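For reference, the chains in residue letters:
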Amino acid sequence: MNNWDKQIYNFAGAVISSIDPVNTFLSNRDIVIKYKPIVLLFDGKQIEKKNNTFFEEYINDTYQIKPIANYQNLGVLNPSIFSSDFQSLKIASFVNLDSNIVSLLPKYFEKKNKQDFADLIEYIINMELNISSIPYFLEDSLNSSGMKNDEKVYKSTLYYCVLRRLSSGISTTDRFPISNDYIDADEIFRLMKSTRRNEIDFEKRAKTLYCFLLKMYILKFSSKKNAPYKTEQLLDFCNNELGIYLESGLYIAFLYFEGKNNAVKNFFQKVTPSAKDILKKIEGMSWDLFHIWNIPTEMAICSNDDIIQLQSIASGDKALIDMISVNPIERIFMYNDEAIVKYRYSLVSLPETKYLCEKICLNREKRLSTNKSVNFDVLSKSLEQALLDLFKCY
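Residues numbered from 1 in each chain as written. Predicted model: local features only at pLDDT ≥ 70, side-chain atom pairs only at ≥ 80, totals over all residues. Heavy atoms only, no water.

(A) Fine view of the packing of aromatic side chains. According to the stated counting rule, one finds 19 aromatic pairs in the structure shown. Taking the centre distance of 6.2 Å and the plane angle of 40° together, the rings of Tyr256 and Phe257 count as tilted. You can call Tyr256 buried: its relative accessible area is 6%. Looking at Lys220, its charged tip hangs above the ring of Tyr256, at a distance of 4.8 Å from the centre. Above the face of the Tyr229 ring, Lys225 is positioned so that its terminal group lies 5.2 Å from the ring centre. (Phe/Tyr/Trp six-rings, centres within 6.5 Å; stacked < 30°, edge-to-face > 60°. Buried < 20%, exposed > 50% of the residue type's maximum accessible area, 1.4 Å probe, protein only. Lys NZ or Arg CZ within 6 Å of the ring centre and 35° of its normal.)

In structure tokens:
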């Protein structure tokens, strides 16, 4: 949101936090017409509750398709609300396949997979679900262990293209790669290589989360101070060194420090002083959280005045799926291919950390300035060494 001017940024904040977001939106017609924002409401504050039955969750013993918000309760505010075209808005539903699912696709088409996995893929095909695999393509392009085996990556990409063709309802039912699949896979693979070389923005976002988690673990194991104290220390780190306010991240960190939320404990329990491959585990978790928290941005990129794209995640990682429900999304404000998200909970909503509100609000300009100058490679190396040194003392 660094490229948003002050008027649209303040308007976004007003709509996101308003008790009556619809009235706030309608009362600022000039701003809406000028900037053309889109607001998604999932908290029942819309003009009229619609019976949105276009999406249902899927779950079997291993795999699940999980929306990032309550899509059944969707309400939309956009510039067409001031015209007769408002009711013609279309909704598209996409399922993001996580990295593990994409990597297993060759086994499915070679009939070497387990039944739960086959059931998931058959459901996707039979229900003709639109699929995406941005998590796989970004993670394998940008993380430290990605793109190590070009042949394996290309094969997974190729069979992803086969599945995408089959699930799109195209008349051909060939369950082996055809010429168009190879053409699509070639293009995706080329983009993955290019992303690894050139994509600075996504890499910066992922490294931000990696640094955030490194600091969180340092605070977790470095003292026996209470959860509010450690959370304030993490907020100071965000203000002074990281240069970004991670609303849901700080809330989840508080729950981790507190140690009472089972979903949060299960997700972060992989890292202990005695664990192996500590840094690799933290990098993997940072990518998991990146995928969850980046979906609203992907939805903003793919939505416009005529169509709203809603995205979900398909995964066999129960700990990851459970994290989506820890802090539900209530509103998304979309503008200029970016998104501001209102979660149900934040530090300000907790009695124990409500006192941090002033520290959050007064440091916005400082965070913006810091974020422009921070060197995440240097910062991450420093935090890695600090965590490893700390664990040696246990």
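From this point, things continue past the structure.
(B) Highlighting the sheet that holds strand S9 (residues 338-343). Strand order in the open sheet formed by 4 strands is S4-S1-S8-S9, with antiparallel pairing between adjacent strands. Here the strands that pair on one side only, and so sit at the sheet edges, are strand S4 (75-77) and S9. Averaged over all neighbouring strand pairs, the angle between strand axes comes to 15°, with direction disregarded. Here strand S1 (residues 38-41) pairs with strand S8 (residues 329-335) via 4 bridges, running antiparallel. Counterpart to Leu40 in the pairing with S8 is Ile332. Across the face of the sheet, helix H13 (residues 278-302) comes into contact with S1, S8 and S9 while running at roughly 135° to S9. (Pairing = 2+ DSSP bridges. Helix = DSSP H or I, 4+ residues; strand = E, 2+ residues; numbered from the N terminus. Axes fitted to C-alpha atoms, helices over the stretch in contact; angles between N-to-C directions. Contact = heavy atoms within 4.5 Å.)

(C) Geometry of the sheet that holds strand S6 (residues 130-132). Within the open sheet, the 5 strands sit side by side as S2-S3-S7-S5-S6. Their pairing is mixed. Across the chains shown, the open sheet's two edge strands, defined by having one partner strand only, are strand S2 (58-59) and S6. Judged from the 3 bridges that link them, strand S5 (residues 90-97) and S6 form a sheet pairing that is parallel. From the neighbouring strand, Asn96 faces S6, where its bridge partner is Ser132. Of the strands in this sheet, S5 and strand S7 (307-315) touch H13, which is tilted by about 150° from S7.

(D) How the structure looks around the pattern of salt bridges. Tallied over the full model, the rule gives 18 salt bridges. Here Asp43 ties to Arg331 by a salt bridge, and the two come within 2.8 Å at their closest N and O atoms. One end of the pair, Asp43, is in the loop between S1 and S2; the other, Arg331, is in strand S8, with 288 residues separating them in the sequence. Linked by salt bridges that have partners in common, Glu110, Lys112 and Lys155 make up one network. (Salt bridge = Lys/Arg side-chain N within 4 Å of Asp/Glu carboxyl O.)

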